[in-house]
Amino acid sequence: MQDYEEAVCCLRKYLSENNYCNTVVMANERCFRRLDTYLAAKGVDYTPVEADEWFRVYEDQLPSTDLAHYHAALMRLQDIYECGEILPDHDAMRYKSYTVLADELKNSLEAFLGELRKNLSVRTVDNYRHDCARFLIFMQKNGVEKIKDITFDLLLVFYKSDVHKGKWGKAHVTAHSSTMMAYFFRSGELPYGCGILYHYLSLGKGCFWNDVSTDAHENILAVMSVSDTVSTRKLYEYKEVLLRIHADNGYCKNVISANNRAVDLLILFLDMNSYAYSPQIAEIWFREVSHWFKTEDDTIHRALFMVADYHRSANIQLEKVYRMTPRAFDLLPEWCREDANGYVSEKEKEGWAKSTINMIRSSISRFCYYLDGSGLRSFLDLDVKHVKAFNTADMHKTPQGKNAYNARIRKFLMYLGEHGKLSNPMLFIALPKTKASKETIVVVLTEEEMEQLREKLNCDNNSLSLRKKAMLLLGLKMGMRSSDIVNLKIDDINWDRASIRFVQEKTDVEVELPMPVEVGNALFRYITKERHEKATSAIFLSEKAPHKPVGRAVCGLALETALPDRDVEGSGFHVTRKTYATNLLRGGVGLNVVADALGQRGTASVHRYLSLDAERMRMCSLSQAECGIGGWVNGR
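These figures come from a predicted structure and were not determined experimentally. (Residues numbered from 1 in each chain as written. Predicted model: local features only at pLDDT ≥ 70, side-chain atom pairs only at ≥ 80, totals over all residues. Heavy atoms only, no water.)

Chemist: How should the environment of Glu85 be read in this particular structure?
Modeler: One can find Glu85 in the loop between α4 (64-83) and α5 (92-100). Given a relative accessible area of 52%, Glu85 falls into the exposed group. Apart from the residues lying within four places of it in its own chain, the contact partners of Glu85 are Asp79 and Ile80. (Helix = DSSP H or I, 4+ residues; strand = E, 2+ residues; numbered from the N terminus. Buried < 20%, exposed > 50% of the residue type's maximum accessible area, 1.4 Å probe, protein only. Contact = heavy atoms within 4.5 Å.)

Chemist: Just to check I follow, could you spell out the layout of surface pockets for this structure?
Modeler: Rolled over the atoms, a probe with the dimensions of a water molecule shows which regions are left empty. Looking at the second largest pocket, its volume works out to about 450 Å³. Looking at the second largest pocket, it is lined by 18 residues, and the ones nearest its centre are Gly556, Ser571, Gly572, Phe573 and His574. Elements with a contribution of two residues or more to the lining of the second largest pocket: α22 (482-486) and α24 (553-562). Counting residues per element, the lining of the second largest pocket draws most heavily on α24, at four residues. (1 Å grid on protein atoms, 1.4 Å probe; cavity = no way out; pocket = protein on both sides within 12 Å on 5 of 7 lines; lining within 4 Å. Points joined across faces, edges and corners; volume = space filled by probe spheres on them.)

Chemist: When you look at the pattern of salt bridges in this model, what are you seeing that I'm missing?
Modeler: Pairing between side chains of opposite charge can happen when their charged atoms approach one another. If you walk through the whole model with that rule in mind, you get 30 salt bridges. Between Arg129 and Asp126 there is a salt bridge whose closest N-O contact spans 3.2 Å. With Arg129 and Asp126 both in helix α7 (residues 122-141) and three residues apart, this pair spans about one turn of that helix. For Arg129, a relative accessible area of 12% puts it in the buried group. The shortest N-O distance in the salt bridge between Glu451 and Arg454 comes to 3.2 Å. Of this pair, Glu451 and Arg454 both sit in helix α20 (residues 447-458), separated by three residues, roughly a single helical turn. Judged by relative accessible area, which is 38%, Glu451 ranks as partly exposed. Among the charged side chains, a network of salt bridges with common partners joins Arg497, Arg501, Glu510 and Glu512. (Salt bridge = Lys/Arg side-chain N within 4 Å of Asp/Glu carboxyl O.)

Chemist: Looking at this model, I keep getting lost on the pairing of strand β2 (residues 499-503). Mind explaining?
Modeler: The side chains of a regular strand alternate between both faces of the sheet. Judged from the two bridges that link them, strand β1 (residues 493-494) and β2 form a sheet pairing that is antiparallel. Note that in β2 the partner of Ile493 across the bridge is Ile500. Hairpin connection from β1 to β2: four residues lie between these consecutive antiparallel strands, with Ala498 at a positive phi of about 55°. Of the pairings in the sheet, the one linking β2 to strand β3 (residues 510-514) comprises five bridges and is antiparallel in character. Of the residues in β3, the one forming a bridge with Ile500 is Leu513. In textbook terms, the turn of a hairpin is the stretch between consecutive antiparallel strands, and for β2 and β3 this stretch comprises six residues, one of which, Asp508, has a positive phi near 60°. (Pairing = 2+ DSSP bridges.)

Chemist: What is the right way to look at helix α25 (residues 575-586) in this model?
Modeler: Here α25 contains twelve residues, and its C-alpha end-to-end distance of 16 Å stays within 8% of the 16 Å for a straight helix at 1.5 Å per residue. Taken residue by residue, α25 has Val575, Thr576, Arg577, Lys578, Thr579, Tyr580, Ala581, Thr582, Leu584 and Leu585 as its buried positions. (Expected span 1.5 Å × (residues − 1).)

Chemist: Explain the packing of aromatic side chains here, please?
Modeler: Geometrically, a pair of aromatic rings is defined through the distance of the ring centres and the angle of the planes. Under the criterion given, the structure shown has 32 aromatic pairs. Between the aromatic rings of Phe135 and Phe158, the centroid separation amounts to 5.1 Å while the plane-to-plane angle is 90°, which identifies the pairing as edge-to-face. Of this pair, Phe135 sits in helix α7 while Phe158 sits in helix α8 (residues 152-161), and the two are 23 residues apart along the sequence. For the pair Phe135 and Phe158, one class covers both residues: buried. Here the aromatic residues Phe135, Phe138, Phe158, Tyr159 and Tyr198 are joined through ring pairs into a cluster of three or more. Note that Lys205 overlies the ring of Phe208, its terminal NZ or CZ placed 5.3 Å from the centroid. One cation-aromatic arrangement involves Arg366 over Tyr405; the distance from NZ or CZ to the ring centre is 4.7 Å. (Phe/Tyr/Trp six-rings, centres within 6.5 Å; stacked < 30°, edge-to-face > 60°. Lys NZ or Arg CZ within 6 Å of the ring centre and 35° of its normal.)

Chemist: Please explain the environment of Lys106 as it appears in this structure.
Modeler: With respect to the secondary-structure elements, Lys106 resides in helix α6 (residues 103-116). You can call Lys106 buried: its relative accessible area is 18%. When the C-alpha positions of Lys106 and Leu136 are compared, they lie 8.8 Å apart, and in sequence the two are 30 residues distant.

Chemist: Can you help me understand the packing of helix α13 (residues 253-272) against helix α14 (residues 279-289) in this one?
Modeler: Relative placement of two packed helices is described by the angle separating their axes and the distance separating the axes. Packing of α13 against α14 leaves a shortest axis separation of 11 Å and a crossing angle of 100°. Of the possible angle classes, the one that applies to α13 and α14 is roughly perpendicular. Side by side, α13 and α14 meet where Ala262, Leu265, Leu266, Phe269 and Leu270 of the first sit next to Ile281, Ala282 and Trp285 of the second. Class assignment for the residues of the contact of α13 with α14 results in eight nonpolar, no polar and no charged. (Axes fitted to C-alpha atoms, helices over the stretch in contact; angles between N-to-C directions. Parallel < 35°, antiparallel > 145°, perpendicular 65-115°, else oblique. Nonpolar A, V, L, I, M, F, W, Y, C, P; charged D, E, K, R; others polar.)

Chemist: Looking at this model, I keep getting lost on the nonpolar core. Mind explaining?
Modeler: Taken as a class, soluble globular proteins show a tendency for nonpolar side chains to be buried jointly. Counting 77 residues, the largest nonpolar core has Phe112, Phe135, Leu155, Leu197, Trp209, Tyr277 and Trp285 as its most contacted members. Setting aside residues no more than four positions away along its own chain, Phe112 makes contact with Tyr128, Cys132, Thr179, Met180, Tyr183 and Phe184. Listed in part, the 40 residues of the second largest apolar core include Met450, Leu453, Met471 and Val575. (Core = buried A, V, L, I, M, F, W, Y, C linked by side-chain atoms within 4.5 Å.)

Chemist: Help me out: how do you make sense of the sheet that holds β1 in this one?
Modeler: Each strand in a sheet pairs with its neighbour through backbone hydrogen bonds, running either in the same direction (parallel) or in the opposite one (antiparallel). Sheet architecture is open: three strands sit in the order β1-β2-β3, paired in antiparallel fashion. On the outer flanks of this sheet lie β1 and β3, each paired with one strand and no other.

Chemist: What should I look at first to understand a negative patch on the surface in this one?
Modeler: Where like charges cluster on the molecular surface, the negative patch consists of Asp3, Glu5, Glu6 and Asp36. Take Asp36: it is sitting in helix α2 (residues 22-42). (Patch = residues over 30% accessible without salt bridge, like charges linked within 9 Å, V, L, I, M, F, W, Y side chains within 5 Å. Areas by Shrake-Rupley, 256 points an atom, 1.4 Å probe, with all protein chains shown as cover. Lys, Arg positive; Asp, Glu negative; His and termini not counted. Charge placed at Lys NZ, Arg CZ, Asp CG, Glu CD.)

Chemist: It is not clear to me how unusual backbone geometry should be interpreted in this structure. Could you clarify?
Modeler: Trans is the common state for peptide bonds, and a negative phi is the common state for residues other than glycine. Ala545 connects to Pro546 through a cis peptide bond whose omega is 10°. Of note, Pro546 is situated in the loop between α23 (517-530) and α24. Of note, the phi angle at Ser274 is positive, near 60°, even though the residue is not glycine. Along the chain, Ser274 turns up in the loop between α13 and α14. Residue class for Ser274 comes out exposed when judged on its relative accessible area of 65%. Look at Ala498: it is not a glycine, yet its phi comes out positive at around 55°. When you line up the elements, Ala498 lands in the loop between β1 and β2. You can call Ala498 partly exposed: its relative accessible area is 32%.

This is how it looks when you write it as structure tokens:
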């Protein structure tokens, strides 16, 4: 009996040292307890014959889930009892990974496990060995002799047929197998797609990335035959650069994950079909499968655009805005496209702002589409009646808007005339100006609105961010334009002299304005407590990655946040500058001082604020009779 107890202890030690799962260990314990009870009741010592007789007698009474475990436990116990060790045929771990696998696959598995042992525990590595051996045995039975022979078709068959033992068992085997295939991708033996296939199959949508029409496949093959392409291994390197740049610039995990998914799925498609990569092939693929991405389609498309940029120029611009749909200008009829592009190209070379170029494109598009719809197919056939008919048909909400478009179309017609594209080079005269100049009433913030602003600016309840407070104070206390605020640089502030020196964008005049303590404190708090620590000289940065310098619209949003109920048409952030100038005049400051404070070269633009100084205007009142108004005679 002493020999039996020693054999059981050896078997327990074997199970523990070889990291058998808890299910097997507990089944062995149940087996030994029942065998102990049987031997004690019969009054005999353990022998393999007695154990075999017990198993045959009680086999029908044992739970079906325990039968295989009990049988294996008794065989191992017999090995230890008779030989002092477990024979290879009864060593499940050794049997799967060393006996069944051919030397080539066995050596590959060992190389992978050796890499794992550098960072993982013995138990974890053994779990990998068991699951990966199971995977490789399946591949071997299907004709795979070495790792390079593994195909996507076999991977799909394994995923569908190898049910394992429940959902979680399947997940473990596929996860461990994927890690192993990722290792073989790095060693150059497998495509990258092999290592990520099971992850994307687990989404439950099948091979949705491969949902591509026959026509698309033919188009891709045509592109590959005439254009330069790179391997998917190179595309993987592009992806790594893309993810690193996004991580370095503080993008959230969701955006980084979406970018990773975009390139992963493209690589899967290319690898499964033995295609190479080019931006044109990626675009064909995206158009076919974009419906699967639903609300993420723009994010996925943007990631593919950035990868394409890196492919062409080895550079990724996070600030770049990618157009997901073609512009109307890019789809102009062929007969007018070349001249329109030539004019826009000339304006771009002249250095016009991007917004101005976009306005020019929009204006030309309206004009050309109207002419095309009227049956015109050459600018040489254009005459006065076409221009006047367009002007009548072209509707805008305001005369100002119509005139803005007409002014740009008029210059386009001048360009066509100068280049001999028109039979009548003076046609631009036929397009009239529909807006006369006018004087507008100066709108400033009311006392009630100013009081609301003071409360918001002095409150620390986070209703206004530090960035918004700083912007509002620069407008209210220094009269700065939104364009100058967003262009401020760290070096523009002289903290010792309490001043800000900058070149005004509108007038190109350099000014140095005194910086009130309140403004200085607001800027300091924003820079030290809220501003992202990005290596850029711009003061005001976006709150979200990539933390680029903001546009002037952000100033308007700051005012809207502070005064949500304010609704004055045509009055945006510039009202803070007008309020600042008006308050200076009301305080008795002279015109020249106000002009200097606003950075104006003269006082002409300041005169319009005088009408808002009600107290002093009353001192200069004139009677209607003195002005000859109303026909009063003799004081009546």
